[in-house]
Amino acid sequence: MGQDGTSTDVVQVQDVTRSFGDLQAVAGVSLRIAPGETYGLLGPNGAGKTTTISMIAGLLEPDSGTVQLCGEPMGPRHTKIRSRLGLVPQDLALYPDLKGRENLNYFGALQNLRGKELRARVDEVLEVVGLADRAKDPVKEYSGGMKRRLNIAAGLLHRPALLILDEPTVGVDPQSRNAILESVEALSGEGMAVLYTTHYMEEAERLCDRIGIIDSGRVQAEGTRDELIHLVGELDQVRMDGTGDLTAATDALQQVPGVQRVDPVGGGLVCAVADAPVHLAAIVTAASAHLELSDVEITRPDLEQVFLHLTGKELRD
Amino acid sequence: MRAAWAVALVELRRFLRDRSNIFFTFVFPLMLVVVIGAQFGGGAGSGRVVLTDESSTLGQRIAAELDARDVTVDVGEAGQARETLARGRADAAVFIDDAAAAAFDAGDPVQLDLVLASTSGSSAVAQQVQSAVAELDREQAGVAALVQSGVDPDLAQDAWWDGEGQVPPARVDVVDVDDVSQAFAGVTGFDVGASSQVLLFVFLTALAGSATLIDARRHRVIARTLAAPVSAGSVVAGQALGRWVIAFFQGTYVMAGTSLLFGVQWGNVALCLLVVAVFSTVAAGAAMAIGAVLDNEGAASGLGVGLALVLAALGGCMVPQELFPSSLQFVASLTPHGWGYRAFAEIQRHGGTLVDIAGSLAVLAGFAAAVLALGSLLLRRSIARAL
Ligand SMILES: Nc1ncnc2c1ncn2[C@@H]1O[C@H](COP(=O)(O)OP(=O)(O)OP(=O)(O)O)[C@@H](O)[C@H]1O
Ligand SMILES: [Mg+2]
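Residues numbered from 1 in each chain as written. Chains lettered and ligands numbered in written order. Predicted model: local features only at pLDDT ≥ 70, side-chain atom pairs only at ≥ 80, totals over all residues. Heavy atoms only, no water.

To continue, consider the site of ligand 1. Residues and elements named next belong to chain A. Taken together, 13 residues form the shell around ligand 1, and within it Gly46, Lys49, Thr50, Thr51 and Glu167 come nearest. Contact between ligand 1 and Gln90: an oxygen atom at 2.8 Å from a side-chain N or O atom of the residue. The fraction of the free accessible surface of ligand 1 (630 Å²) that becomes covered by protein chains is 65%. Listing elements by their share of the shell around ligand 1, those giving two or more residues are β2 (23-33) and α1 (49-56). With 3 residues, the top contributor of residues to the shell around ligand 1 is α1. When its residues are assigned to classes, the shell around ligand 1 shows 5 nonpolar, 6 polar and 2 charged. (Near = heavy atom within 4 Å. Polar contact = N/O pair within 3.5 Å; in protein donor to acceptor, adjacent residues only side chain to side chain. Areas by Shrake-Rupley, 256 points an atom, 1.4 Å probe, with all protein chains shown as cover. Helix = DSSP H or I, 4+ residues; strand = E, 2+ residues; numbered from the N terminus. Nonpolar A, V, L, I, M, F, W, Y, C, P; charged D, E, K, R; others polar.)

Okay, the domain arrangement of chain A next. For chain A, the assigned domains are domain 1 (11-230) and domain 2 (235-300). On a C-alpha basis, the centres of domain 1 of chain A and domain 2 of chain A stand 43 Å from each other. (Domains from an automatic or database assignment.)

Okay, helix α10 (residues 210-218) of chain B next. All names here are of chain B. Counting buried residues along α10, 8 of its 9 residues qualify, which places the element largely inside the surrounding structure. Every buried residue of α10 is accounted for by Ser210, Ala211, Thr212, Leu213, Ile214, Asp215, Ala216 and Arg217. Looking one or two residues beyond α10, the residue adopting positive phi is Arg220, at roughly 65°. (Buried < 20%, exposed > 50% of the residue type's maximum accessible area, 1.4 Å probe, protein only.)

Oppositely charged side chains can form a pair if their charged atoms are brought close together. Taken as a whole and assessed by the stated rule, the structure comprises 26 salt bridges over all chains. The salt bridge involving Arg220(B) is made with Asp91(A); its shortest N-O contact spans 3.3 Å. With Arg220(B) in the loop between α10 and α11 (221-227) and Asp91(A) in the loop between β6 (85-88) and α2 (100-110), this pair bridges two chains. For Arg220(B), a relative accessible area of 26% translates into the label partly exposed. Note that Glu102(A) and Arg17(B) form a salt bridge whose closest N and O atoms lie 2.7 Å from each other. Here Glu102(A), found in helix α2, pairs with Arg17(B), found in helix α1 (residues 2-17), and the two come from separate chains. By relative accessible area, which is 11% here, Glu102(A) ends up buried. (Salt bridge = Lys/Arg side-chain N within 4 Å of Asp/Glu carboxyl O.)

The next thing to look at is the side chain of Ser382(B). All names here are of chain B. Within the secondary structure, Ser382 sits in helix α17 (residues 354-386). Within polar-contact distance, the side chain of Ser382 engages the backbone oxygen of Leu379 at 2.9 Å. Discounting chain neighbours no more than four positions away, the residues touching Ser382 are Arg217 and Ala292. (Contact = heavy atoms within 4.5 Å.)

This next bit is on the sheet that holds strand β4 (residues 64-69) of chain A. All names here are of chain A. On the basis of which strands lie adjacent, the open sheet formed by 4 strands has the order β2-β1-β4-β5 and antiparallel pairing. Looking at which strands have only one partner, the edges of the open sheet turn out to be β2 and β5 (72-73). Of the pairings in the sheet, the one linking strand β1 (residues 11-20) to β2 comprises 8 bridges and is antiparallel in character. By the bridge assignment, Gln12 is partnered in β2 with Arg32. Together, β1, β2 and β4 form the strand contacts of α1, whose direction differs from that of β1 by roughly 120°. (Pairing = 2+ DSSP bridges. Axes fitted to C-alpha atoms, helices over the stretch in contact; angles between N-to-C directions.)

Dropping the structure here:
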């Protein structure tokens, strides 16, 4: 599928670059996304996410490299193929003075939808983003989260093969954010290819089948969440709080397969383990022999740490 | 093409959504027609003129002629007259110095200075004064002719006055000696005001609408539009079309409104609509250019309104072109309004046909092509810039 780049890929990006004056915003990005796959571009501010997306969406001409959508070349001069693309831009691209439904009617009309079909699609996407009851209100009266959701709805009207979402949850309350993530999951479940940019690690982890970590205009590493974490060799941590013989417990735990290190911490112990869920039962059994456990907690290394490892920077600045 | 329609339609919808646009489009033009119509309307019983001398024959004769035209005459010395004008207590002042008075007595050509106040009625009063002076001119020529054929000068004057007594003095609206009154023959003040307002408001409304284009660029809707299967050309065409429809609608609205409310005679309506259509294209192009170049709605509205007013004034939509000195008439011909005004004048006042207005229309079409091309180019550029 995605990884081996067969012709079923919805989008194929081959080594695109783009500079603005002296600034190289994108310094060679390649990626492929298969139908039903959600690909995350995870990177900090200014990493080149939006510039990459603008090139994939045919809004910006790459300095070099190619983009193909559904096997056809994509670029500012390729108008027709854009009907296969749904773009949800980072900035809210809506008419604030028009009603929610009027905005959708406009963007639907641009996709050659009309009449009954347009009405049905508008109703459907309003339902998807949970705005059916606010469709008659002007967008300027919407909350930030509602605007974001309408912004997404406008990209869904024509059932695109590839949906691009550029930081769709920025400045959104937790409830709206969850609604947005759920609808993305649902769309991907229907077979839509999704390209999702974010600098929220949790979103990338939750949504994305594969993740590209982008910094300074380059994809620094790419793979599933587990592959990426494996890349940096980070271990899971099992923390156990309890009372009893900590030294004996430490010795016992060091015998458990998978456990690489045991350290005392506060009123308990922390074990560094290769794959904590697999070994958890054995760990707890070994510890329980010497300790009265009050709490057990697993922390798995996250993309934040991967990012730090790859770039020497924090993901969020 | 369908995409262009969608773009045009959404621009229209947004225009109508703005309440202030509704006022400025539907109510304000008709209000102005009333004001301007009153300025040029009727003429009887209106106006106040200061003469700087009433003791000379010339002064007395002008006073009498103005009086016969229901213009109120005051007398004051030059300084006083200027102050009265400045305070807006009179519409115009006629400066009669001793040299002029003596020249008149001697039957020589006389040059008089006419100064207008910035009152609403001053243009109409200017016509009255010109017509009064023209009447004196006619008289002087007549007397001179009599004297030349051997009549005693005093007798000649008396003979002229006797003849005068039997013929009422000419009124502005029927006088035929003077270019200005000839130009306005057969029209009411409303007619003049209305066609000027069509031109003024077509531009004003279109340019004020440039703010919605900036808004669309700012909100990145244009960029998003281009992510749909829509070419940049369609977006530009849609923007132009939307603006044209707004401008054309404004023009036809003022035409219809003034015709129904004030009985304005438009002459050949189809020709008028043709003028409005071509003129609207100029306005749409100008609006696009402003909306593409400026990034701030406030600045665009300000520039739009300012430009619309200045062009209208220069083109003869505030003070009729016919009252312009020739140098300003040339300036008028540099504005689309100047040509629109001439086309309307031809249609409304002289029953002009397509052939008669072909020249003006051709110039307007030239303006339209140039401005529209410029607007499209700038918008295309700004689209590239916005990405
Ligand atoms: N139109 C432009 N002109 C000049 N520089 C630009 C332009 N667009 C982007 N850049 C620069 O290119 C770099 C990458 O920007 P880009 O918007 O792609 O980053 P991003 O990853 O989307 O960041 P963010 O998370 O803040 O949205 C930045 O340094 C930015 O300043
Ligand atoms: Mg961005």
